[in-house]
Structure formats: structure tokens, C-alpha cells
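A structural walkthrough
Single-letter residue listing:
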Amino acid sequence: MGEMTTKDLQRLFQDIADVMTAERDNLCQLDGVIGDADHGIAMELGFTAAAKATDALDPAETDPTTLFNTAAKAFLNAVGASSGPLYATAFMRAGTAVKGKATLGDDDLLDVFAALARGIQDRGKAEIGEKTMVDAWAPAAAACEEARARGDGLRQCFSQALEAAEQGRDATKDMVASKGRSARLGERSLGHIDPGAASATMVISSIRNALTSE
């Protein structure tokens, strides 16, 4: 897609916010089975706040690092618990990964994606198989890195990432939650997709769509 600018990143955050608004009720329904039925609301609030805060920046005077840090602060202020610190950490890690860059090329975008996933996993201290958003993010990052190592182009890397995220999301249906609020349900959490993994896949899909557009 060529170089990604601050303006492109602003548009990406708005795209994700729009998806979360559209999927809010579906995410809340998923969360109602194994959580507090508020995950969709939290994700809409967080990404809407991030989109609004980043949109207020002057793209001509704002580098990607500043934009990601602005998104992190806005998301955390809007969603103080649960997913708030996870995505705030992810955005801050993304900003650090491209520090000093005015625009982002393909390698930079792949570095951003890896940093997002690592930030979420590090902050949440979760591993694959614990029925959390990490079950989508970690396989997606691994698949993206494997495609990158093979020399695949950006489009293929993110297509592989999204496919892995979808598989990871679906796999949570057969897991017993051992992290977060749903862990209190024990075996009763079986048979249900984790809402965090579902929303993570939506985020990854939006990123894939934005970064592989012509």
C-alpha cells in the first residue's frame, strides 16, 4: 500500500471504532454468557475515544508515535478496567516500535503489529489456551511473523494473521477460562467463544483491511 501516514492511522482508528459500534450488541451478548455483558460497550467506548482523540491531532505536525500514545491515553481514560490497560499498553508499544518515523513502510507496519500483540500478552500475562484475547492476538502475530520470514508481501502477511486470529477465536469455544472474570465459571465457560478474542479478531480484520487496501 506504500507508506502509511498519520492521516491513514487516524482513519484506521475510526474504522475500528465504527466496527465496534456496529458489533457492540453482539459482543455484549457473547460476554453475557461468561462475563458481565459489557465487553461490547467497553470496546466501543475505548475505540471511539481513541478515534476522537487521534482525529483531533494535526496530521501535518503529528508522527505515528505521538498518535499511538494519544490513542493509548484516550482508551485508558475511557476504559479503566480489563481491556483498557491491555490496549493502552499495546498502543504504547506500537508507538515505541516506530519511534522517530514520520511515515510507516511495510516493515514498520509489521513491527507495529508484533508490538501490539506483545503488549497485550505482556500486560495481561496470559498464554494461548487460557480463553482470552491472547488466543487471537498471539497466533495472529506468530502467523504474520512466519509469513514475513518466508518473504511474503504485506497483504499475505496480514491475511495469514487474520486467518490465525479467526482460528484462535473459534478455538476458545472448547477452552475452560482460567483468566479474567470468566474464570470463575470454570467448566461452565466451555462451549462459548471468548468475547475478548472475538473483538480482537475484529480489530485485526480492520487492520488487515486498512493495510492491504490498494
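See the structure shown above.
These remarks concern the structure in this document. All values derive from a computational prediction rather than experimental measurement. (Residues numbered from 1 in each chain as written. Predicted model: local features only at pLDDT ≥ 70, side-chain atom pairs only at ≥ 80, totals over all residues. Heavy atoms only, no water.)

Turning our eyes to something else, we now look at the overall build of the protein chain. Across its full length, the protein chain carries eight helices and zero strands. Overall, the protein chain shows an N-to-C arrangement of helices and strands of α-α-α-α-α-α-α-α. Against the 2.2 N^0.38 benchmark of 17 Å for 214 residues, the protein chain shows a C-alpha radius of gyration of 16 Å, consistent with a compact globule. The dimensions of the protein chain, computed from C-alpha atoms along their principal axes, are 50 × 40 × 25 Å. The buried share of the protein chain, taken over its 214 residues, is 49%. Of the roughly 9,500 Å² of accessible surface on the protein chain, 49% is carried by carbon and sulfur atoms. Here the protein chain contributes 22 positive and 32 negative side-chain charges, whose respective centroids are spaced 5 Å apart. (Helix = DSSP H or I, 4+ residues; strand = E, 2+ residues; numbered from the N terminus. Rg over C-alpha atoms; globule rule 2.2 N^0.38 Å. Buried < 20%, exposed > 50% of the residue type's maximum accessible area, 1.4 Å probe, protein only. Areas by Shrake-Rupley, 256 points an atom, 1.4 Å probe, with all protein chains shown as cover. Lys, Arg positive; Asp, Glu negative; His and termini not counted. Charge placed at Lys NZ, Arg CZ, Asp CG, Glu CD.)

The full count for this structure, using the stated rule, is two cavities of 30 Å³ or more. When its volume is computed, the largest cavity comes out at roughly 160 Å³. If you trace the largest cavity, you find 19 residues lining it, with Leu12, Phe68, Val112, Leu116 and Ile207 closest to the centre. Sorting the residues of the lining of the largest cavity by element identifies α1 (6–34), α4 (83–97), α5 (106–124) and α8 (195–211) as the ones contributing at least two each. Here the lining of the largest cavity is built from residues that sort into 19 nonpolar, no polar and no charged. Secondary structure elements with two or more residues in the lining of the second largest cavity: α5 and α6 (134–149). Residue composition of the lining of the second largest cavity, grouped by class: five nonpolar, no polar and one charged. (1 Å grid on protein atoms, 1.4 Å probe; cavity = no way out; pocket = protein on both sides within 12 Å on 5 of 7 lines; lining within 4 Å. Points joined across faces, edges and corners; volume = space filled by probe spheres on them. Nonpolar A, V, L, I, M, F, W, Y, C, P; charged D, E, K, R; others polar.)

Attention now goes to the state of the cysteines. Think of a disulfide as a covalent bridge from one cysteine sulfur atom to another cysteine sulfur atom. Under the definition given, this model contains zero disulfides. Left without a disulfide partner, Cys144 is nearest to the cysteine sulfur of Cys157, which lies 4.9 Å away. (Disulfide = S-S within 2.5 Å.)

This next bit is on the side chain of Asp8. Within the secondary structure, Asp8 is located in helix α1. At 2.9 Å, the side chain of Asp8 and the backbone nitrogen of Thr5 are in polar contact. Here the side chain of Asp8 touches Arg11 through a polar contact of 3.0 Å, side chain to side chain. (Polar contact = N/O pair within 3.5 Å; in protein donor to acceptor, adjacent residues only side chain to side chain.)

Moving on, we get to the packing of α5 against α6. One way to put it is that α5 packs onto α6 with a least axis distance of 9 Å and a crossing angle of 150 degrees. On the basis of their axis angle, the class for α5 and α6 is roughly antiparallel. As α5 packs across α6, the resulting crossing turns out to be left-handed. Residue-level inspection shows Asp107, Leu110, Asp111, Phe113, Leu116, Ala117, Ile120 and Gln121 of α5 in contact with α6, the latter providing Val134, Trp137, Ala138, Ala140, Ala141, Cys144 and Arg148. Of the residues assigned to the contact of α5 with α6, the class counts are 11 nonpolar, one polar and three charged. (Axes fitted to C-alpha atoms, helices over the stretch in contact; angles between N-to-C directions. Parallel < 35°, antiparallel > 145°, perpendicular 65-115°, else oblique. Left-handed = near helix turned anticlockwise from the far one by under 90°. Contact = heavy atoms within 4.5 Å.)

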